[in-house]
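Residue-level structural notes
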Amino acid sequence: MSLFVQQSNEFIPRHIGPRETDVQAMLKTIGAASLSELVSQTVPPAIRMANALNIPAAMSEHEYLQHIKEVSLKNKVFKNYIGQGYYDTITPSVILRNVFENPGWYTQYTPYQAEISQGRLESLLNFQTMVSDLTALPIANASLLDEATAAAEAMTMFFNTLNKQDHIERPKFFVDSAIFPQTKDVLITRAIPVGIEIVEGDYKTASIDASFFGAIVQYPNDKGSVEDYKQFIGAVHTAGAYVVMATDLLALTLLTPPGELGADVAVGSAQRFGVPLGYGGPHAAFFAAKDDFKRNIPGRIIGVSVDAQGNRALRMALQTREQHIKREKATSNICTAQALLANMAAMYAVYHGADGLKNIAKRVALLTQTVAETLEEMGFELASSNFFDTITVKVKDAAAIHAKAERQQINLRKIDGLHVGISVDETTAISDLYDLINCFENDTDPVSFDIHHDAELDHIPSSLVRTSVFLTHPVFNTHRSESQMMRYIKSLENKDLSLNTSMISLGSCTMKLNAASEMMPLSWAHWSKIHPFAPVDQAEGYKYVIDELSKYLCEITAFDACSLQPNSGAQGEYAGLLTIKAFHEANGDHHRNVMLIPISAHGTNPASAVMCGMKVVVVKALENGYIDIEDLKVKAAQHAANLSGIMITYPSTYGVYEETVKEITDIIHEHGGQVYMDGANMNAQVGLTAPGLIGADVCHLNLHKTFAIPHGGGGPGMGPICVKQHLAKFLPGHVEVTDGTKEHAVSAAPYGSASILLISYGYIRMLGTEGVKAATEFAILNANYMRAKLDGQYDILYTNHNGQCAHEFIVDLRPFKKTAEIEAEDVAKRLMDYGFHAPTMSFPVPGTIMIEPTESEDKAELDRFCNALLSIRDEIRAIEEGKADKKDNPLKHAPHTQAVICATEWNHAYTREAAAFPLYYVTLNKFWPSVARVNNTHGDRNLICTCEPIESYMEA
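This write-up is about the structure you can find in this document.

**Topic: helix H17 (residues 482-493)**
Along its 12 residues, H17 runs 16 Å from first to last C-alpha, staying within 8% of the 16 Å computed at 1.5 Å per residue. Taken residue by residue, H17 has Met485, Tyr488, Ile489, Leu492 and Glu493 as its buried positions. The arc that holds every buried residue of H17, seen down its axis, measures 140°, which confines them to one face. For H17, the secondary structure elements touched by its buried residues are helix H6 (93-100), helix H7 (103-106), helix H8 (118-135) and helix H14 (339-377).

Written as C-alpha cells, this is what we have:
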C-alpha cells in the first residue's frame, strides 16, 4: 500500500480497536486460523454477500473535513423569520463547548444504571423542573422526539384513557385549525390506524360533546395570535374530554401558563433554549401533564429516591410503564428521548435563570411589536392584534415581498399569496429590523421605525399576562458567571461513566466510537443555522448529504429506496410498519392486520405494531434461541388470510445468525405477508450480508448504533427505513416538501434530526467500502474473543453449530442465584467498582447479561473487562465455597462510593481494598460511583419528579 493510499485509509485503524499484532492472539484464543475463517464459521454461507459494497473508497479525516466544509458551503445561511416552531437561538459558549461538543456528555448511555449516571440524571431533573415550572403542570418527562410527535403522544394517551381497545366509545379528537401544519400532519398519521377520528375546526365555534375524547390548541397559535382558551377548555372538560396545549417555553415566561388555564397536558419544543436549528433537529420536545396522568405519561421520567446509605439519589422512575415491560399492551413505543438536547436546554435555563429568560422574551416581544406597529403605520393589516413573537401580515402580493426578502438574504414564512409570516427570535438585533421592514417597503423611501426600549408590551392581553413565579429553585439562581457554570457542568460530568471513561458493552445497543471528525461539522454555522422549512435551494448541502447517505444505506441494505425522516429506532419501526400497511391497503387487502412477532423481539416491536392498528401474534423460540419454525408455519397458515407480516431481528436478539432465516422469510411471503427487519443488530451485517439478501422487505437502521451517531445519554437517535421497490411509494411524506401524493409524516421535520445525518455520512465516507466491512468483521472478532475468554467460567447461551456467536453474546447468571444468592443486578453493580458500565441486563433472557464490545474496543480494554468478570466470578465462587458471607460480600454492597470507602467505620468482612480496588488496573484510573445502590421501590412509592426544595438537600 502506497503512502498516499495509506493516508486515505488512516481512519480505519483509528475506528477499529485491535492492532494487527493482537488479531492472531485473539484468533488463537477463539480457535480460528484467520479472520475470514471466523466469519465463515459465523455467518451462514447462504446469505453471504457476493460482491463488495459499491460505496466510495475511504477518505482521511483531513480530506473528509475539507470535503464536508465544501459541501456545507452549498447551504445558504439566510436570516430566518419563518418560525413555525423552529427559531434561531444563541447557544452560550460554555454550553456549546462543555456539553454539545464534549464526549463526556454525548457518549453516555441511557441512565438505566443510575449509580453511574447521577450527573445527567440531575440535568434531566432540571429539564423536568424547568418544563413543569413554565407550563404550571406538576409532572414532566425527560423529553420526547419533537413537538408534533409529542402532540400525537398526548392524543394517544387521552384516547387510551377514555377508550378500551376493543370498544371505542369516544372516537373524536378536535384539532384547532390554527395549529402548526406539521403537527396536524403527524396527528393524522397517528390517528388513522387506531380508529381516531380527527375533527378540524375553529375552537371558537367548536361543539364538543361526549363523542370527543380530547382536543388540541396552539398557544400562541400558528399565525402568532395569543388566544384565551379558558372558556374552550372548560367546555371540553364539561364534555368529559381532555385538552392538550402545544406551546412555547419562551412565550410562557410572559404568558399565563397552560396549567393555570386548565389544560391537562402541554407539549412543545425546547429547541429555542440554546439548541441549533440543524435543518430540523435533533431537538428536545417537552411533555407536561396533570398528576392524574403520571402512570400513563409517555417517555422517561426522572425521579428522586435514596441510595443504600440513605442519601438522595436519582433514577428513572415508573419504568413499568415502558414498552419493554408492557409490550403489546404498551400505549407508546418510545425508546429514544432527546436527552443530550434536553440537557442543553436545561443548562440554558440554569445559566440564564428566570430573569434572564424573561429578558430574552421581552426583547423578542418588543422587536416583534416594533415591526408590527411600523407595518401597520405603513398601511398593512395584521391577522391578529395579540401576539408574542410572530405576526401574520395581510398583503396584496406575497410573492413580490418574498422576492425582495430573498434579495436581502431573508426568509419570511410563506403562507399563501395574501399572507406573510414573521417570527422574531433571540438572534434578532435592532439593526436587523431595517432589512426586515424594507421587505415591505418600496425601494425609494428610507426605512424608519421607533423602538422604545422600556415600552410596555401592548400586544399581550392583560388577562393572559403571567403573574406566577418560575425557576425559583437554587439551581436556576446560582450559576451566573461562566466559571460557576463551567464548574457545575464539570461536576455533573464527573458523576457519569461515558465512553471517554471505559468501554460500554451493551448488547443490542452498539456503543461504538463516535469519532471527533464525525462530530465536528455539527457546530459549523452552515449546518447548524438552516431552518427545516427554508427554500430547498438554500439547503443544497443538506440535499447532497441526504441523497448520498440514502444511496449508501440502500447499497448496504440491498434495498431500493430510503426515508431518513424517522428520528428514532422505534419511530423507524412505526414508519416501516405503516409502509407495509399502506402497501396492503393499496392492494385492497385492508383486512391484513396480523403481525407475527417472535417472543424474543425488542419490546418496541409489539408496541409499534399495536400503534399501527395491528394484532400481535407471538411466535415461540427454541432452546437455542432460534425462531421455532414449526410454530411459525402453524401460525402463518392459521392467519394466512389476514397476515400482514413478521417482525424479525437479524442476527437474532440472542446473538446468533439463524441459518433458517431464509426459510422464515419465504414462509411469510408464501402467505402474502411482508417481512420487517429490526435493524438493531445491523452492525453484524454491513458488508457481509444484507436485509434485502435475506428476504426482508423493509428494515429500519439505528444510526445511533451501527452508523456511529452517539447515544447522548439517552438520545438523539435516528431510525431511517430502507425498503424494496414495491414499497417505495408508501414511504413517509411531509406537508412542507411533498405534493401530497405520499403518505403522511411520522416526524415534525422532513428529514427528522437532519443535522446528525452528517455523523453517519462521515462514518461511511471515512471508513469506505473496505472499512465498513472490516468494522463488522472486527465486531464479530471482539465478541467471540470475549466469549472464548469467559467460556468455562460462565455459561454462554446461544452459540451456533460451530460454537460461535455473532457480534454479541449472552452470559447466564441464573445459576448463581441458587449457588450464592447472587442476582444479575449484583454483578451489574459490582462491575461499577471495576470501572465499567454493565452490559445489557435481563434482555432478552431474564437473569442474564448480553455483551457487545463493538469493533472500536482494543484488546487491552477487552481484557480488562473480561478480567473484571473473571474476578467477579472468583468473588461468587468464594460465596459458593463458604469463604465469603452470602449477605456481607462485595457484590451485595456494590457499588462502593468514595464516602463509604473513606468512612471512619468499616463493618464488612471483606477489606476496603477488595471493595474499591479489586484489580491492579483499577488503582491506575479509579472511577467512583457518586451514590451507592439506588432504592428503586422507594422512588416509585414516593414519586418526586422535579427539583426538591433546598431543605431536602441539606437534610441529605
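**Considerations on helix H3 (residues 20-30)**
Helical geometry note: an α-helix holds 3.6 residues per turn, so side chains three or four residues apart project in the same direction. Buried residues of H3: Val23, Met26, Leu27 and Ile30, and no others. Down the axis, H3 shows its buried residues gathered within 100° of arc, on one side only. Of the exposed residues in H3, those oriented more than 90 degrees away from the buried face are Thr21, Gln24 and Lys28. Taken together, the buried residues of H3 touch helix H4 (35-42), helix H26 (757-790) and helix H29 (859-880).

**Re the pattern of salt bridges**
Tallied over the entire structure, the rule returns 40 salt bridges. Linking Lys495 and Glu122 is a salt bridge whose minimum nitrogen-to-oxygen distance equals 3.8 Å. On the criterion of sequence distance, the pair formed by Lys495 in the loop between H17 and helix H18 (516-519) and Glu122 in helix H8 is long-range, its members being 373 residues apart. A salt bridge links Arg933 to Asp826; its shortest N-O distance comes to 2.8 Å. Placement of Arg933 in the loop between helix H32 (920-924) and helix H33 (936-941) and of Asp826 in helix H28 (residues 824-833) is noted, with a sequence separation of 107 residues between them. Considered together, Arg933 and Asp826 belong to a single accessibility category, that of buried residues.

**A few points about the nonpolar core**
Met130, Leu412, Ile422 and Phe440 are the most contacted members of the largest nonpolar core, which has 239 residues in total. In terms of residues, this core owes the most to one element, H14, which gives 23 residues. Those residues within four positions of Phe440 in sequence are excluded, and the remaining contacts are Leu375, Met378, Phe380, Val393, Val395, Ile401, Leu412, Val420 and Ile422. Core analysis: the second largest hydrophobic core is formed by 42 residues, Ala148, Ala150, Met155 and Ile297 among them.

**Digging into the packing of H6 against H17**
Geometrically, a packed helix pair is captured by the angle between its two axes and the distance between the axes. The N-to-C vectors of H6 and H17 enclose an angle of 15°; their axes lie 10 Å apart at closest approach. As the angle between them shows, H6 and H17 are arranged roughly parallel. Once H6 is placed against H17, the crossing between them reads as right-handed. Between H6 and H17, the contacting residues are Val94, Ile95, Asn98 and Val99 on the first element and Glu482, Met485, Met486 and Ile489 on the second. Classifying every residue of the contact of H6 with H17 by side-chain character gives six nonpolar, one polar and one charged.

**Considerations on the sheet that holds strand S15 (residues 561-563)**
With mixed pairing, seven strands are arranged side by side in an open sheet as S15-S21-S20-S19-S18-S16-S17. Looking along the sheet, the strands with just one partner apiece sit at the ends: S15 and strand S17 (615-619). Here the strands of the sheet are splayed against their neighbours by 20° on average, with no regard to which way each runs. In this sheet, S17 lies alongside strand S16 (residues 594-598) in parallel orientation, the contact comprising five bridges. The partner of Ile597 across the bridge, within S17, is Val618. Contacts from helix H21 (residues 569-586) reach S16, strand S18 (643-649), strand S19 (674-678), strand S20 (698-700) and strand S21 (721-723) within the one sheet, and its direction differs from that of S19 by about 175°. In the packing of helix H24 (residues 661-670) onto the sheet, the strands contacted are S16, S18 and S19, and the crossing angle to S18 comes to about 165°.

**Examining the sheet that holds strand S23 (residues 809-812)**
Taken together, four strands build an open sheet; the order of strands is S22-S23-S25-S24 and the sheet is antiparallel. The sheet terminates laterally at strand S22 (795-797) and strand S24 (840-841), the two strands that pair on one side only. Of the pairings in the sheet, the one linking S24 to strand S25 (residues 848-851) comprises two bridges and is antiparallel in character. Considered in S25, the bridge of Thr840 is made with Met850.

**Digging into the pairing of S18**
Burial analysis of S18 places seven of its seven residues in the buried class, which makes it a mostly covered element. The pairing of S16 with S18 spans three bridges and is parallel. Paired with Met595 across the bridge in S18 is Gly645. Pairing geometry for S18 and S19, over five bridges, is parallel. Across the sheet, the residue bridging to Met647 is Tyr676, located in S19.

**Observations concerning unusual backbone geometry**
Across the junction of Tyr219 and Pro220, the peptide omega takes the value -10°, indicating a cis bond. Counting through the fold element by element, Pro220 comes out in the loop between strand S5 (212-219) and helix H11 (230-238). Residues Phe843 and Pro844 are joined by a peptide bond in cis, for which omega reads 0°. Summarising the element assignment, Pro844 is placed in the loop between S24 and S25. Here Tyr798, not a glycine, exhibits a phi torsion of approximately 60°, which is positive. Assignment of secondary structure puts Tyr798 in the loop between S22 and S23. The class of Tyr798 is buried, set by a relative accessible area of 16%.

Cut-offs used in this document
Residues numbered from 1 in each chain as written. Predicted model: local features only at pLDDT ≥ 70, side-chain atom pairs only at ≥ 80, totals over all residues. Heavy atoms only, no water. Helix = DSSP H or I, 4+ residues; strand = E, 2+ residues; numbered from the N terminus. Expected span 1.5 Å × (residues − 1). Buried < 20%, exposed > 50% of the residue type's maximum accessible area, 1.4 Å probe, protein only. Arc of directions from axis to C-beta. Contact = heavy atoms within 4.5 Å. Salt bridge = Lys/Arg side-chain N within 4 Å of Asp/Glu carboxyl O. Core = buried A, V, L, I, M, F, W, Y, C linked by side-chain atoms within 4.5 Å. Axes fitted to C-alpha atoms, helices over the stretch in contact; angles between N-to-C directions. Parallel < 35°, antiparallel > 145°, perpendicular 65-115°, else oblique. Left-handed = near helix turned anticlockwise from the far one by under 90°. Nonpolar A, V, L, I, M, F, W, Y, C, P; charged D, E, K, R; others polar. Pairing = 2+ DSSP bridges.

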